[in-house]
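Coordinate analysis (summary)
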2 protein chains.
Amino acid sequence: MSTSPLSPTERTTVRRMRERARSERSALYEVLDSGMVCHLGIVIDGTPRVIPTGYGRVDDTLYVHGSTGSAGLRTAPSQEICVTVTLVDGIVLGRSVVHHSMNYRSAMIYGVPRLLTDPEEKLAGLRAITEHIAPGQWTTARLPTRKELASVAVLALSLEEASVKTRTGGPKDEEEDYALDVWAGVLPVRQTFGEPVPDDRLRPGIPVPPHIADRAHAS
Amino acid sequence: MSTSPLSPTERTTVRRMRERARSERSALYEVLDSGMVCHLGIVIDGTPRVIPTGYGRVDDTLYVHGSTGSAGLRTAPSQEICVTVTLVDGIVLGRSVVHHSMNYRSAMIYGVPRLLTDPEEKLAGLRAITEHIAPGQWTTARLPTRKELASVAVLALSLEEASVKTRTGGPKDEEEDYALDVWAGVLPVRQTFGEPVPDDRLRPGIPVPPHIADRAHAS
């Protein structure tokens, strides 16, 4: 796993709101590991397309699930893409309208992805994606057959060129507004899990396994 | 407000997973009104950039907050952009790894945005964006001065060309896998609000207003 800092290029150098830029690689891992979906940007016929899809990370490689992407992801390996993962942590309520904001963590990655063809690497990528959205399921559910694996598209993207931006804390109001009779602060936002809902065709006597139940109860 | 159906163009016609496509305009409104941030895709120097930012909707116009976008949003009005809003509703746990999925609602909009210059329209756009992330604050917090309004960039994007995709329900497993001893179902995912955190410099005696407190308690 690389310990090099982030932002090696012009376009991943945060210019606006510089104080929100993070330069540690660990901050990138933290955002990616906490997120749920990524938004993948590609250019098709000169116009951008932004596709939400699942992903997973192993060291400095991001694996992206291709089958969600239709035409988009089939053309992706021949061109540069941008992948963004955003977590909203709070709504920042200022004393004035223009100082309303959001607390967030966001990672942006650029690169030319590789469409995986080697079955072992593809399996490792699919494992990363599966364990990211559903930790513990790789060793619980039935693993892919050779044919199933062939039908899945998995892209690998290096985390070499990336930037991370975060905002935390309360509003930054105009000095004279602190005297106003207006409540100010942060409304925290969280992603939480509800009680697991069994499938209609679940066979009787199969309990919710702890690795799933625990997620609902931890949140 | 338009009552025309969605998907008038080639690229907003959902091809993969057609059963997940929604064609009612009300479905578009529902996704946009439920989301928190959008991911805005633009092309810069031939490569895509995906920027998370706040937004709001009035009828068939989406207003996007420009100041988050740095160089990106200043070039946006001269080109087509793609705006995607995604809500994750659940993690679909299948009996096999390849039938893991996510329940979601996602909207994708294409168009050439207008950078607002008319102060009245800009104010209306800013109001939509503010009320989207913080309902009730427009009539509570201090409104923008003429100078503040001038310093904010607001883009307007028509909702004419849009598509909506949703997935709901349990896993679609292979017929023979229903006999497996593997729990299957959905782990619901929700965005919830925590208790409001007052600003360090909040004047004593200002209570949390009901329109903020109620959001925390409703979730």
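Here's what I pulled together on the structure shown here. These numbers come from a predicted model, not from an experiment.

A common way to express how large an interface is: the accessible area buried when the components associate. Facing the 89 residues of chain B at the interface are 89 residues of chain A. Buried area between chain B and chain A, summed over both chains or domains, comes out near 7600 Å², and the portion from carbon and sulfur atoms is 64%. Of all residues in chain B, V97, R142 and W183 of chain B bury the most surface against chain A, accounting for 11% of the area lost on that side. The partner of E175 of chain A in a salt bridge is R201 of chain B, with the nearest N and O atoms 2.6 Å apart. Counting every contact that joins chain B to chain A gives 33 residue pairs in polar contact (both at pLDDT 80 or more).

It is worth spelling out the layout of surface pockets at this point. To locate leftover empty space, one rolls a probe as large as a water molecule over the atoms. Reported here for the second largest pocket is a volume of approximately 1000 Å³. Together, 45 residues line the second largest pocket, and M36, T86, L87 and Q191 of chain A together with Q191 of chain B are the ones closest to its centre. Of the residues contributing to the lining of the second largest pocket, the split by class is 17 nonpolar, 16 polar and 12 charged.

Time to look at the sheet that holds strand β8 (residues 114-115) of chain B. Residues and elements named next belong to chain B. Taken together, the 4 strands give an open sheet; going across it, the order is β4-β5-β9-β8, and neighbouring strands pair in antiparallel fashion. Both edges of this open sheet fall to β4 (55-58) and β8, since each of them pairs with a single strand only. Here 2 bridges tie β8 to strand β9 (residues 154-158), and the two strands are oriented antiparallel to one another. If you follow L115 over to β9, its bridge partner there is L155. Those strands touched by helix α1 (residues 25-34) are β4 and β5 (61-65), and its axis lies near 145° from that of β4. Packing of helix α3 (residues 119-133) onto the sheet brings it into contact with β4, β5, β8 and β9, and relative to β4 it is tilted by some 115°.

Once turned by 180° and shifted 0.0 Å along the axis, chain B lies on chain A with an RMSD of 0.0 Å. Each copy turns onto its partner about a two-fold axis. Minimal C-alpha separation from the rotation axis in chain B is found for Q191 of chain B, amounting to 2.2 Å. Counting the interface residues of chain B, we find that 100% of their copies in chain A are interface residues as well, pointing to one common contact surface.

Attention shifts here to the nonpolar core. Among the nonpolar cores identified, the biggest contains 58 residues, and L28, L32 and L62 of chain A together with L28, L32 and L62 of chain B are the most heavily contacted of them. Discounting chain neighbours no more than four positions away, the residues touching L28 of chain A are L6, A107, I109, L159, A162 and V164 of chain A.

With the rule as written, the count across this model stands at 0 aromatic pairs over all chains. The ring centre of Y29 of chain B lies 3.9 Å from the NZ or CZ of R57 of chain B, which sits over that ring. Its end group placed over the ring of Y178 of chain A, R201 of chain B keeps NZ or CZ at 3.6 Å from the ring centre.

With that settled, consider helix α5 (residues 210-218) of chain B. Residues spaced three or four apart along an α-helix point in a common direction, a consequence of the helix completing one turn every 3.6 residues. I212, A213, R215 and A216 of chain B are the residues of α5 of chain B that are buried. Along α5 of chain B, the residues classed as buried sweep out an arc of 155° about the axis, all on the same side. Exposed side chains of α5 of chain B directed beyond 90 degrees from the buried face belong to P210, H217 and A218 of chain B. Buried residues along α5 of chain B sit against β6 (81-93) and β11 (185-193) of chain A together with α3 and β11 (185-193) of chain B.

Basis of the calculations
Residues numbered from 1 in each chain as written. Chains lettered and ligands numbered in written order. Predicted model: local features only at pLDDT ≥ 70, side-chain atom pairs only at ≥ 80, totals over all residues. Heavy atoms only, no water. Contact = heavy atoms within 4.5 Å. Buried area = accessible area lost by both parts, 1.4 Å probe. Salt bridge = Lys/Arg side-chain N within 4 Å of Asp/Glu carboxyl O. Polar contact = N/O pair within 3.5 Å; in protein donor to acceptor, adjacent residues only side chain to side chain. 1 Å grid on protein atoms, 1.4 Å probe; cavity = no way out; pocket = protein on both sides within 12 Å on 5 of 7 lines; lining within 4 Å. Points joined across faces, edges and corners; volume = space filled by probe spheres on them. Nonpolar A, V, L, I, M, F, W, Y, C, P; charged D, E, K, R; others polar. Pairing = 2+ DSSP bridges. Helix = DSSP H or I, 4+ residues; strand = E, 2+ residues; numbered from the N terminus. Axes fitted to C-alpha atoms, helices over the stretch in contact; angles between N-to-C directions. Least-squares fit on C-alpha atoms with pLDDT ≥ 70 in both. Core = buried A, V, L, I, M, F, W, Y, C linked by side-chain atoms within 4.5 Å. Buried < 20%, exposed > 50% of the residue type's maximum accessible area, 1.4 Å probe, protein only. Phe/Tyr/Trp six-rings, centres within 6.5 Å; stacked < 30°, edge-to-face > 60°. Lys NZ or Arg CZ within 6 Å of the ring centre and 35° of its normal. Arc of directions from axis to C-beta.

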